[in-house]
Amino acid sequence: ASHYFFFHSVSKLFRGWIERLDRERFEVIVYDFNTGAPDGWATAIGNAAAHVRRNVGDAAGWAKQIAADRLDVLVYPEIGMETVAVRLACLRLAPVQCVAWGHPVTTGLPEIDFFLSSALMEPGDGDSHYTERLVRLPNLSICYSPIATDTAARSRTSLGFDADDVVFVSCQSLYKYLPRFDGVFPAIASREPKARFLFLADAHSHTTERFKSRLARAFASAGLEAGRHVVIADRVPPAEFPSLLKAGDIYLDSLGWSGGNTSLEAATVGLPIVTLPGSLMRSRHTAASLWQMGLDRYVARDIAGYVGRA
């Protein structure tokens, strides 16, 4: 059950669960909360299920529909990013109710029994981070299919880069960049004068402006000018995102809240990745992907190591 069964990070991560469950053991019903017209991904996900429910109405209507289907298990790929899922998760609609890591934080809800996570992503004390019972599924836990990357790379000149710049791509949502880590970017630029950092603007302009102001202060404190090193590009349609990644030389993972899909897509286009795992699962997505690939050398142990590897 999800709002995000279209071309979205949640469906990219968890579509494989729906498609690959053993049909001799499971009857799969998809509850698609999105009220827009289904795109190709939503259609494919619906076709993979025994039944698909759409356009049922508000949360109360969905609750009646789900209860009427008399489920054995109800799985939410995420809870926390969209209101219908949050409202329904407060109800007991199936005897076993689970959430996956599409939003990588405990729900805090007694009605959610299990948090379906990744064995590679979870720290040793991960059980204490959830009100749900933690389930460490093998490896990354997902059945991931790389997205198409046949688009040409974006012109570096069009992005404001010179031919000999060293372009560090860090294209996470800006809310993932915590102020206490602003200093890593000027620290890298101090060691690589041709470093340029590519970020993506937020959907809300005031968030972008606050981020630019923070970086300006961080670079100034290091005796550097942010305008010489920082580029904040306009957001691009999802289908064009690989072309933006290809314009870079190195992918810098966000600290404290790691990239999931973005890091997988950076690996798909061949960018070397630098990451620093933290104490919570949401800061360890990228590290887990690198460990799975045997690329431990890209995983730093501290801030100094992160800057040095970059």
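Look up: the structure comes first, before these words.
Just so it is clear, the model here is predicted, and its values are computed rather than measured.

About the criteria used
Residues numbered from 1 in each chain as written. Predicted model: local features only at pLDDT ≥ 70, side-chain atom pairs only at ≥ 80, totals over all residues. Heavy atoms only, no water. Axes fitted to C-alpha atoms, helices over the stretch in contact; angles between N-to-C directions. Helix = DSSP H or I, 4+ residues; strand = E, 2+ residues; numbered from the N terminus. Parallel < 35°, antiparallel > 145°, perpendicular 65-115°, else oblique. Left-handed = near helix turned anticlockwise from the far one by under 90°. Contact = heavy atoms within 4.5 Å. Nonpolar A, V, L, I, M, F, W, Y, C, P; charged D, E, K, R; others polar. Salt bridge = Lys/Arg side-chain N within 4 Å of Asp/Glu carboxyl O. Buried < 20%, exposed > 50% of the residue type's maximum accessible area, 1.4 Å probe, protein only. Core = buried A, V, L, I, M, F, W, Y, C linked by side-chain atoms within 4.5 Å. Pairing = 2+ DSSP bridges. Right-handed = clockwise from strand over helix to strand, strands pointing away.

## What about the packing of helix α5 (residues 184-191) against helix α6 (residues 205-221)?
Then step 1. Contact pair α5 / α6: the axes reach a minimum separation of 8 Å and the direction vectors enclose 45°. Between α5 and α6, the angle falls in the class oblique. As for how α5 packs across α6, the hand of that crossing is right-handed. The residues of α6 that touch α5, namely those facing Phe-185, Pro-186 and Ala-189, are Leu-215, Ala-218 and Phe-219.
Then step 2. Considering only residue class, the contact of α5 with α6 consists of six nonpolar, no polar and no charged.

## Here's the deal with the pattern of salt bridges
It is possible for side chains of opposite charge to pair when their charged atoms get near one another.
Then step 1. The final tally for this structure, using the stated rule, is 11 salt bridges.
Then step 2. Residue Asp-249 is joined to Arg-156 by a salt bridge in which the shortest nitrogen-to-oxygen separation is 3.3 Å. Taken as a pair, Asp-249 in the loop between α7 (241-246) and β10 (250-252) and Arg-156 in the loop between β6 (133-137) and β7 (166-169) lie far apart in primary sequence, 93 residues in all.
Then step 3. Classification of Asp-249 by relative accessible area gives partly exposed; the value is 31%.

## Considerations on the nonpolar core
Then step 1. Grouped together as the largest cluster of nonpolar side chains are 39 residues, with contacts concentrated most on Phe-14, Tyr-31, Phe-33, Leu-74, Tyr-76, Leu-88 and Trp-101.
Then step 2. Leave out the neighbours within four places in its chain, and Phe-14 touches Pro-77, Ala-100, Trp-101, Gly-102 and Ile-142.
Then step 3. Counting 24 residues, the second-largest nonpolar core is a separate cluster that includes Phe-185, Ala-189, Phe-197 and Val-274.

## Examining the packing of helix α1 (residues 9-20) against helix α2 (residues 40-48)
Then step 1. Where α1 meets α2, the closest approach of the two axes is 9 Å, and the angle between their N-to-C directions is 20°. Between α1 and α2, the angle is such that the two are roughly parallel. As α1 runs across α2, the sense of the crossing is left-handed. Between α1 and α2, the residues in contact are Ser-11, Lys-12, Arg-15, Ile-18 and Glu-19 and Trp-41, Ala-44, Ile-45 and Ala-48, respectively.
Then step 2. The class makeup of the residues in the contact of α1 with α2 is five nonpolar, one polar and three charged.

## Topic: the pairing of strand β1 (residues 29-32)
Then step 1. Burial of β1 is two-sided: the residues Ile-29 and Tyr-31 facing one way and the residues Val-30 and Asp-32 facing the other way are all buried.
Then step 2. Here four bridges tie β1 to strand β2 (residues 51-54), and the two strands are oriented parallel to one another. Residue pairing in the sheet places Tyr-31 in a bridge with Arg-53 of β2.
Then step 3. In this fold, the crossover linking β1 to β2 by way of α2 has right-handed handedness.

## Concerning helix α3 (residues 59-68)
Then step 1. Within the sequence span of α3, burial applies to Ala-59, Gly-61, Trp-62, Ala-63 and Ile-66.
Then step 2. The inward-facing, buried residues of α3 abut β1, β2, β3 (73-76) and α4 (83-89).

Purely geometric stuff here, so don't read any function into it on its own.
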